[in-house]
Amino acid sequence: KNEVEQSPQNLTAQEGEFITINCSYSVGISALHWLQQHPGGGIVSLFMLSSGKKKHGRLIATINIQEKHSSLHITASHPRDSAVYICAVSPLGTSGSRLTFGEGTQLTVNP
Amino acid sequence: DGGITQSPKYLFRKEGQNVTLSCEQNLNHDAMYWYRQDPGQGLRLIYYSQIVNDFQKGDIAEGYSVSREKKESFPLTVTSAQKNPTAFYLCASSTPRQADNQPQHFGDGTRLSIL
(Lines give C-alpha, C1' and ligand atoms only; values in the text may rest on other atoms or scores of the structure.)
Protein backbone atom coordinates (compact mmCIF):
# COMPACT_ATOMS: atom_id res chain seq x y z
CA LYS A 1 0.00 0.00 0.00
CA ASN A 2 1.35 3.43 -0.92
CA GLU A 3 1.98 5.86 1.90
CA VAL A 4 0.06 8.51 -0.06
CA GLU A 5 -3.20 7.62 -1.80
CA GLN A 6 -5.17 9.95 -4.05
CA SER A 7 -8.71 9.70 -5.34
CA PRO A 8 -10.04 9.74 -7.90
CA GLN A 9 -7.30 8.74 -10.35
CA ASN A 10 -9.16 10.40 -13.21
CA LEU A 11 -11.79 13.11 -13.10
CA THR A 12 -13.75 14.71 -15.92
CA ALA A 13 -15.86 17.80 -15.27
CA GLN A 14 -17.82 20.41 -17.14
CA GLU A 15 -16.69 24.01 -17.05
CA GLY A 16 -18.04 25.75 -13.97
CA GLU A 17 -18.31 22.66 -11.77
CA PHE A 18 -16.93 22.44 -8.24
CA ILE A 19 -14.14 19.86 -8.07
CA THR A 20 -12.71 17.94 -5.14
CA ILE A 21 -9.58 15.79 -5.15
CA ASN A 22 -8.76 13.76 -2.06
CA CYS A 23 -5.48 12.66 -0.51
CA SER A 24 -4.98 10.23 2.36
CA TYR A 25 -1.66 9.37 3.93
CA SER A 26 -0.51 6.79 6.45
CA VAL A 27 2.57 8.36 8.05
CA GLY A 28 3.22 11.26 10.40
CA ILE A 29 4.05 14.36 8.46
CA SER A 30 5.44 17.83 8.95
CA ALA A 31 3.70 19.24 5.86
CA LEU A 32 1.53 18.29 2.90
CA HIS A 33 1.96 19.68 -0.60
CA TRP A 34 -0.38 20.02 -3.54
CA LEU A 35 1.33 20.24 -6.92
CA GLN A 36 0.05 20.81 -10.45
CA GLN A 37 1.68 19.11 -13.43
CA HIS A 38 1.02 20.73 -16.79
CA PRO A 39 0.55 18.65 -19.96
CA GLY A 40 4.12 19.46 -20.98
CA GLY A 41 5.43 17.91 -17.76
CA GLY A 42 6.50 20.91 -15.69
CA ILE A 43 5.35 20.95 -12.06
CA VAL A 44 4.21 23.94 -10.03
CA SER A 45 3.73 24.01 -6.28
CA LEU A 46 0.17 25.12 -5.41
CA PHE A 47 0.05 24.80 -1.64
CA MET A 48 2.07 23.66 1.33
CA LEU A 49 0.11 23.25 4.54
CA SER A 50 0.44 21.64 7.93
CA SER A 51 -2.93 22.56 9.41
CA GLY A 52 -6.25 24.13 8.57
CA LYS A 53 -7.01 25.64 5.21
CA LYS A 54 -5.37 27.76 2.51
CA LYS A 55 -6.96 29.59 -0.40
CA HIS A 56 -5.46 31.01 -3.56
CA GLY A 57 -7.84 32.33 -6.16
CA ARG A 58 -10.27 29.54 -7.07
CA LEU A 59 -8.20 26.88 -5.31
CA ILE A 60 -8.72 25.82 -1.72
CA ALA A 61 -6.69 23.22 0.18
CA THR A 62 -7.67 21.74 3.53
CA ILE A 63 -5.99 19.27 5.83
CA ASN A 64 -7.17 17.21 8.81
CA ILE A 65 -4.06 16.02 10.65
CA GLN A 66 -5.98 13.70 12.99
CA GLU A 67 -7.66 11.91 10.08
CA LYS A 68 -4.53 12.05 7.88
CA HIS A 69 -6.55 13.49 5.03
CA SER A 70 -6.37 16.49 2.73
CA SER A 71 -8.63 17.83 -0.01
CA LEU A 72 -7.99 20.15 -2.93
CA HIS A 73 -11.04 22.04 -4.17
CA ILE A 74 -11.39 23.99 -7.39
CA THR A 75 -14.35 26.35 -7.62
CA ALA A 76 -15.82 27.45 -10.96
CA SER A 77 -13.57 25.06 -12.87
CA HIS A 78 -12.19 26.11 -16.25
CA PRO A 79 -10.60 24.13 -19.12
CA ARG A 80 -7.23 25.70 -18.23
CA ASP A 81 -7.43 23.82 -14.91
CA SER A 82 -6.94 20.57 -16.84
CA ALA A 83 -3.74 19.04 -15.46
CA VAL A 84 -2.46 16.32 -13.15
CA TYR A 85 -2.77 17.24 -9.49
CA ILE A 86 -0.28 15.59 -7.17
CA CYS A 87 -0.38 15.25 -3.40
CA ALA A 88 2.96 14.88 -1.60
CA VAL A 89 3.94 14.71 2.07
CA SER A 90 7.04 15.53 4.09
CA PRO A 91 7.28 12.52 6.44
CA LEU A 92 8.45 13.13 9.98
CA GLY A 93 11.99 11.96 10.60
CA THR A 94 13.19 12.75 7.09
CA SER A 95 15.10 15.81 5.96
CA GLY A 96 12.81 18.80 5.79
CA SER A 97 12.28 18.82 2.05
CA ARG A 98 12.27 15.11 1.15
CA LEU A 99 8.82 14.25 -0.22
CA THR A 100 6.70 11.14 -0.75
CA PHE A 101 4.30 11.47 -3.67
CA GLY A 102 0.87 10.17 -4.57
CA GLU A 103 0.22 8.87 -8.07
CA GLY A 104 -1.65 11.97 -9.14
CA THR A 105 -5.19 12.79 -10.30
CA GLN A 106 -5.73 13.54 -13.98
CA LEU A 107 -8.32 16.32 -14.23
CA THR A 108 -10.01 17.19 -17.51
CA VAL A 109 -12.39 20.14 -17.62
CA ASN A 110 -14.51 20.31 -20.77
CA PRO A 111 -15.93 23.58 -22.11
CA ASP B 1 13.73 35.38 -13.30
CA GLY B 2 14.92 32.67 -10.93
CA GLY B 3 14.18 29.09 -11.77
CA ILE B 4 15.39 25.62 -12.68
CA THR B 5 16.56 24.74 -16.17
CA GLN B 6 16.68 21.16 -17.37
CA SER B 7 18.21 20.16 -20.66
CA PRO B 8 17.64 18.66 -23.05
CA LYS B 9 13.85 18.36 -23.13
CA TYR B 10 14.05 15.10 -25.11
CA LEU B 11 16.95 12.66 -25.08
CA PHE B 12 17.53 9.41 -26.87
CA ARG B 13 19.97 6.75 -25.78
CA LYS B 14 21.33 3.70 -27.50
CA GLU B 15 21.72 0.46 -25.61
CA GLY B 16 24.94 0.44 -23.59
CA GLN B 17 25.43 4.21 -23.57
CA ASN B 18 25.68 6.52 -20.60
CA VAL B 19 23.80 9.81 -20.87
CA THR B 20 23.89 12.89 -18.66
CA LEU B 21 20.89 15.08 -17.89
CA SER B 22 21.57 18.66 -16.95
CA CYS B 23 19.93 20.59 -14.11
CA GLU B 24 20.85 24.19 -13.29
CA GLN B 25 19.20 26.51 -10.76
CA ASN B 26 19.67 30.19 -9.99
CA LEU B 27 17.46 30.26 -6.91
CA ASN B 28 20.42 30.03 -4.52
CA HIS B 29 18.91 26.83 -3.09
CA ASP B 30 21.12 24.48 -1.13
CA ALA B 31 19.12 21.29 -1.75
CA MET B 32 18.57 19.64 -5.13
CA TYR B 33 16.72 16.48 -6.12
CA TRP B 34 16.30 14.11 -9.05
CA TYR B 35 13.02 12.25 -9.54
CA ARG B 36 11.85 9.67 -12.02
CA GLN B 37 8.23 9.57 -13.21
CA ASP B 38 6.68 6.54 -14.91
CA PRO B 39 3.10 6.29 -16.20
CA GLY B 40 0.63 5.53 -13.42
CA GLN B 41 3.22 5.95 -10.68
CA GLY B 42 4.12 8.74 -8.32
CA LEU B 43 7.45 10.51 -8.55
CA ARG B 44 10.28 8.45 -7.10
CA LEU B 45 13.46 9.93 -5.64
CA ILE B 46 16.71 8.92 -7.35
CA TYR B 47 19.31 11.07 -5.59
CA TYR B 48 19.34 14.22 -3.53
CA SER B 49 21.93 16.69 -2.33
CA GLN B 50 21.56 19.04 0.61
CA ILE B 51 24.89 20.82 0.17
CA VAL B 52 27.72 21.14 -2.31
CA ASN B 53 30.04 18.12 -2.54
CA ASP B 54 27.54 15.90 -0.70
CA PHE B 55 24.68 13.74 -1.97
CA GLN B 56 22.61 10.75 -0.84
CA LYS B 57 20.89 7.89 -2.60
CA GLY B 58 17.14 8.02 -2.83
CA ASP B 59 14.77 5.12 -3.27
CA ILE B 60 15.84 4.03 -6.78
CA ALA B 61 19.52 5.01 -7.12
CA GLU B 62 20.75 1.83 -8.85
CA GLY B 63 22.01 2.54 -12.36
CA TYR B 64 22.31 6.28 -11.77
CA SER B 65 25.09 8.62 -10.61
CA VAL B 66 25.26 12.30 -9.70
CA SER B 67 27.74 15.00 -8.78
CA ARG B 68 27.37 18.29 -6.92
CA GLU B 69 30.52 20.30 -7.56
CA LYS B 70 28.68 23.62 -7.72
CA LYS B 71 25.66 24.90 -5.82
CA GLU B 72 23.87 25.74 -9.05
CA SER B 73 24.34 22.40 -10.82
CA PHE B 74 23.27 18.81 -10.13
CA PRO B 75 23.76 16.64 -13.24
CA LEU B 76 22.34 13.12 -13.38
CA THR B 77 24.06 10.36 -15.36
CA VAL B 78 21.96 7.41 -16.47
CA THR B 79 24.43 4.58 -16.83
CA SER B 80 24.23 1.46 -18.96
CA ALA B 81 23.54 -0.43 -15.73
CA GLN B 82 20.05 1.10 -15.61
CA LYS B 83 18.06 -1.57 -17.41
CA ASN B 84 14.84 0.39 -17.87
CA PRO B 85 15.83 4.03 -18.31
CA THR B 86 12.89 5.15 -20.43
CA ALA B 87 11.06 7.64 -18.22
CA PHE B 88 10.42 11.30 -17.50
CA TYR B 89 13.08 12.83 -15.25
CA LEU B 90 12.41 15.85 -13.07
CA CYS B 91 14.89 17.98 -11.15
CA ALA B 92 13.87 20.08 -8.16
CA SER B 93 15.45 22.37 -5.60
CA SER B 94 14.58 23.82 -2.21
CA THR B 95 16.05 25.30 0.92
CA PRO B 96 16.87 22.33 3.15
CA ARG B 97 15.97 23.74 6.52
CA GLN B 98 12.61 22.45 7.73
CA ALA B 99 11.94 25.67 9.61
CA ASP B 100 11.80 27.51 6.31
CA ASN B 101 8.77 25.47 5.18
CA GLN B 102 9.63 26.15 1.60
CA PRO B 103 8.15 24.13 -1.25
CA GLN B 104 10.24 22.46 -3.89
CA HIS B 105 10.70 24.20 -7.22
CA PHE B 106 10.67 21.92 -10.26
CA GLY B 107 12.17 22.07 -13.71
CA ASP B 108 10.24 21.23 -16.88
CA GLY B 109 11.72 17.73 -17.10
CA THR B 110 13.68 15.63 -19.57
CA ARG B 111 12.04 12.74 -21.41
CA LEU B 112 14.55 9.93 -22.01
CA SER B 113 13.87 7.19 -24.54
CA ILE B 114 15.84 4.16 -25.67
CA LEU B 115 16.53 3.75 -29.39
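Since the model is a prediction, treat every value here as computed from it, not as a measurement.

(A) Up close: the overall build of chain B. Counting its secondary structure elements, chain B contains zero helices and eleven strands. Its helices and strands taken in sequence order, chain B reads β-β-β-β-β-β-β-β-β-β-β from the N to the C terminus. Scaling as 2.2 N^0.38, a compact globule of 115 residues should have a C-alpha radius of gyration of about 13 Å, and chain B matches this with 14 Å. By its C-alpha atoms, chain B is 45 × 25 × 25 Å across when sized along the principal axes. In chain B, the share of contacts with a sequence separation of at least 24, taken over all contacts with a separation of at least 6, comes to 54%. Of the accessible surface of chain B, which amounts to about 5,700 Å², a share of 45% is contributed by carbon and sulfur atoms.

(B) The interface of chain B and chain A, seen in detail. Each side of the interface is counted separately: chain B has 27 residues, and chain A has 20 residues. Both faces combined, the contact of chain B with chain A buries some 1,700 Å², and carbon together with sulfur accounts for 51% of it. Taken together, the links from chain B to chain A amount to zero salt bridges. At the junction of chain B and chain A, the tally comes to one residue pair in polar contact (both at pLDDT 80 or more). For the side of chain B that touches chain A, the secondary-structure elements that each account for two or more residues are β4 (31-37), β5 (44-51) and β9 (87-94) of chain B.

(C) The arrangement of the sheet that holds strand β7 (residues 64-66) of chain B in detail. Residues and elements named next belong to chain B. Read across the sheet, four strands follow the order β1-β3-β8-β7 without closing on themselves; strand pairing throughout is antiparallel. Only two strands of the sheet have a single neighbouring strand rather than two, namely β1 (4-7) and β7. Geometrically, the sheet is characterised by an average inter-axis angle of 20° between neighbouring strands, direction not taken into account. Note: β7 against strand β8 (residues 76-78), three bridges, orientation antiparallel. Note that in β8 the partner of Y64 across the bridge is V78.

(D) Quick peek at the nonpolar core. Core analysis: the biggest nonpolar cluster contains 23 residues, and L32 and W34 of chain A have the highest contact counts within it. Put simply, the parts of the chain that give this core at least two residues each are β3 (19-25), β4 (29-37), β5 (43-49), β7 (59-64), β8 (69-74), β9 (83-91) and β11 (105-110) of chain A. Counting 19 residues, the second-largest nonpolar core is a separate cluster that includes V66, F74, V78 and L112 of chain B.

(E) Molecular detail of the pairing of β4 of chain A. All names here are of chain A. Of all nine residues making up β4, eight are buried, and the element is well covered by its neighbours. Across eight bridges, β4 lies against β9 in antiparallel orientation. Each bridged residue has a counterpart across the sheet, and for H33 the counterpart in β9 is A88. Pairing of β4 with β5, which is carried by six bridges, proceeds in the antiparallel orientation.

(F) Summary view of the sheet that holds β7 of chain A. All names here are of chain A. If you trace the five strands from one edge of the open sheet to the other, you get β1-β3-β8-β7-β6, paired in antiparallel fashion. Both edges of this open sheet fall to β1 (4-7) and β6 (52-56), since each of them pairs with a single strand only. Shown here is a sheet whose adjacent strand axes are inclined to one another by a mean of 15°, direction ignored. Across five bridges, β6 lies against β7 in antiparallel orientation. Within the sheet, the bridge partner assigned to G52 lies in β7 and is I63.

Calculation notes
Residues numbered from 1 in each chain as written. Chains lettered and ligands numbered in written order. Predicted model: local features only at pLDDT ≥ 70, side-chain atom pairs only at ≥ 80, totals over all residues. Heavy atoms only, no water. Helix = DSSP H or I, 4+ residues; strand = E, 2+ residues; numbered from the N terminus. Rg over C-alpha atoms; globule rule 2.2 N^0.38 Å. Contact = heavy atoms within 4.5 Å. Areas by Shrake-Rupley, 256 points an atom, 1.4 Å probe, with all protein chains shown as cover. Buried area = accessible area lost by both parts, 1.4 Å probe. Salt bridge = Lys/Arg side-chain N within 4 Å of Asp/Glu carboxyl O. Polar contact = N/O pair within 3.5 Å; in protein donor to acceptor, adjacent residues only side chain to side chain. Pairing = 2+ DSSP bridges. Axes fitted to C-alpha atoms, helices over the stretch in contact; angles between N-to-C directions. Core = buried A, V, L, I, M, F, W, Y, C linked by side-chain atoms within 4.5 Å. Buried < 20%, exposed > 50% of the residue type's maximum accessible area, 1.4 Å probe, protein only.

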